[in-house]
Amino acid sequence: MSSHVTGTATQRIFIDKQSPKAYHELIQTSEAVRATAADAGLDRTVVELINLRVSQINGCAYCLNVHTRAALHAGETAQRLGVLAAWRDTELFTPAERAALALAEATTEPTDAAAQEAAWAAARDTLTDDQVSAVIWVAITINAFNRVSIMSKHPVRSER
């Protein structure tokens, strides 16, 4: 095991490049999850809102950058993206979107039992069983990608 140390900072490796077979399987999983979400009737903007909200919670700059572009491309508005971190304090999100966001947050931070129960209740009132499952799988998958990018310190490059 070698560790590359420069000053006080340890140089990271891009684990997606270091272990391409494992990363390829994660990509395959994300493609299956994307298809599952579409089959369940989840709009692409809802999937991107989940990707962004989970990435906000985890503090993954790289995934926030990627999924902001994807959300805009899917037709999401700059206003809703701008207030996503405080979605509960707005009237900009539909009941189904709110249920999906709460469930994604509960999946990302599962130790809050009360929040998890409330998220499940809202989801069961608003979403189909297939949509509930798809939301959880989207959240699980983006959580995994967040960890890959955070631990690899994937850079966010300026678009200017």
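These numbers come from a predicted model, not from an experiment.

(A) Up close: the packing of helix α6 (residues 95-108) against helix α8 (residues 129-152). Running from amino to carboxyl end, α6 crosses α8 at an angle of 45°, the nearest separation of the two axes being 9 Å. With respect to each other, α6 and α8 are oriented oblique. Crossing handedness for the pair α6 and α8: right-handed. Across from Ala100, Leu103, Ala104, Thr107 and Thr108 in α6, the residues of α8 making contact are Val132, Val135, Ile136, Ala139, Ile140 and Asn143.

(B) Inspection of the packing of helix α3 (residues 44-58) against helix α4 (residues 61-73) at higher detail. Interaxial distance between α3 and α4 falls to 9 Å at its minimum, and their mutual angle equals 160°. By the angle between their directions, the pair α3 and α4 is classed as roughly antiparallel. The handedness of the crossing between α3 and α4 is left-handed. Along the contact surface, α3 presents Glu48, Asn51, Leu52, Ser55 and Gln56, while α4 presents Cys63, Leu64, His67, Thr68, Ala70 and Ala71. Of the residues contributing to the contact of α3 with α4, the split by class is 5 nonpolar, 5 polar and 1 charged.

(C) Seen up close, helix α2 (residues 20-39). Relative to the 28 Å expected for 20 residues at 1.5 Å per residue, α2 spans 28 Å between its end C-alpha atoms, a close match to the ideal helical length. Taken residue by residue, α2 has Leu26, Ser30, Val33 and Ala37 as its buried positions. What you see down the axis of α2 is that its buried residues fit within an arc of 65°, all on one side. The outward face of α2, more than 90 degrees from its buried face, is lined by the exposed residues Lys21, Ala38 and Asp39. Packed against the buried residues of α2 are α3 and α8. Looking one or two residues past α2, Gly41 carries a phi angle of roughly 90°, positive in sign.

(D) A look at α3. Over its 15 residues, α3 runs 21 Å from end to end, which matches the ideal 21 Å to within 8%, given 1.5 Å per residue. Most of α3 is tucked away: 12 of the 15 residues are buried. Taken as a whole, α3 has its buried residues at Thr45, Val46, Val47, Glu48, Leu49, Ile50, Asn51, Leu52, Arg53, Val54, Ser55 and Asn58. Downstream of α3 by a residue or two, Gly59 has a phi angle that is positive, lying close to 70°.

(E) Examining the packing of aromatic side chains more closely. Inspection of every chain in the model, using the stated rule, returns 1 aromatic pair. Relative to Phe145, the ring of Tyr23 lies with its centre 6.0 Å away and its plane at 90°, an arrangement referred to as edge-to-face. You can see Tyr23 sitting in helix α2 and its partner Phe145 sitting in helix α8, a full 122 residues away along the chain.

(F) Geometry of the pattern of salt bridges. Within the structure shown, the criterion is met by 8 salt bridges. With a shortest N-O distance of 2.7 Å, Glu159 and Arg69 are connected by a salt bridge. Within this pair, whereas Glu159 is found in the segment after α8, its partner Arg69 is found in helix α4, the two being separated by 90 residues in sequence. Residue Glu97 pairs with Arg80 through a salt bridge whose shortest N-O separation is 2.8 Å. Pair noted here: Glu97 is in helix α6 and Arg80 is in helix α5 (residues 78-83), with a separation of 17 residues, a long-range link. The two residues Glu97 and Arg80 agree in class, both being buried. Shared partners join several salt bridges into a network, and the residues in it are Arg53, Arg88 and Glu105.

Calculation rules
Residues numbered from 1 in each chain as written. Predicted model: local features only at pLDDT ≥ 70, side-chain atom pairs only at ≥ 80, totals over all residues. Heavy atoms only, no water. Axes fitted to C-alpha atoms, helices over the stretch in contact; angles between N-to-C directions. Helix = DSSP H or I, 4+ residues; strand = E, 2+ residues; numbered from the N terminus. Parallel < 35°, antiparallel > 145°, perpendicular 65-115°, else oblique. Left-handed = near helix turned anticlockwise from the far one by under 90°. Contact = heavy atoms within 4.5 Å. Nonpolar A, V, L, I, M, F, W, Y, C, P; charged D, E, K, R; others polar. Expected span 1.5 Å × (residues − 1). Buried < 20%, exposed > 50% of the residue type's maximum accessible area, 1.4 Å probe, protein only. Arc of directions from axis to C-beta. Phe/Tyr/Trp six-rings, centres within 6.5 Å; stacked < 30°, edge-to-face > 60°. Salt bridge = Lys/Arg side-chain N within 4 Å of Asp/Glu carboxyl O.

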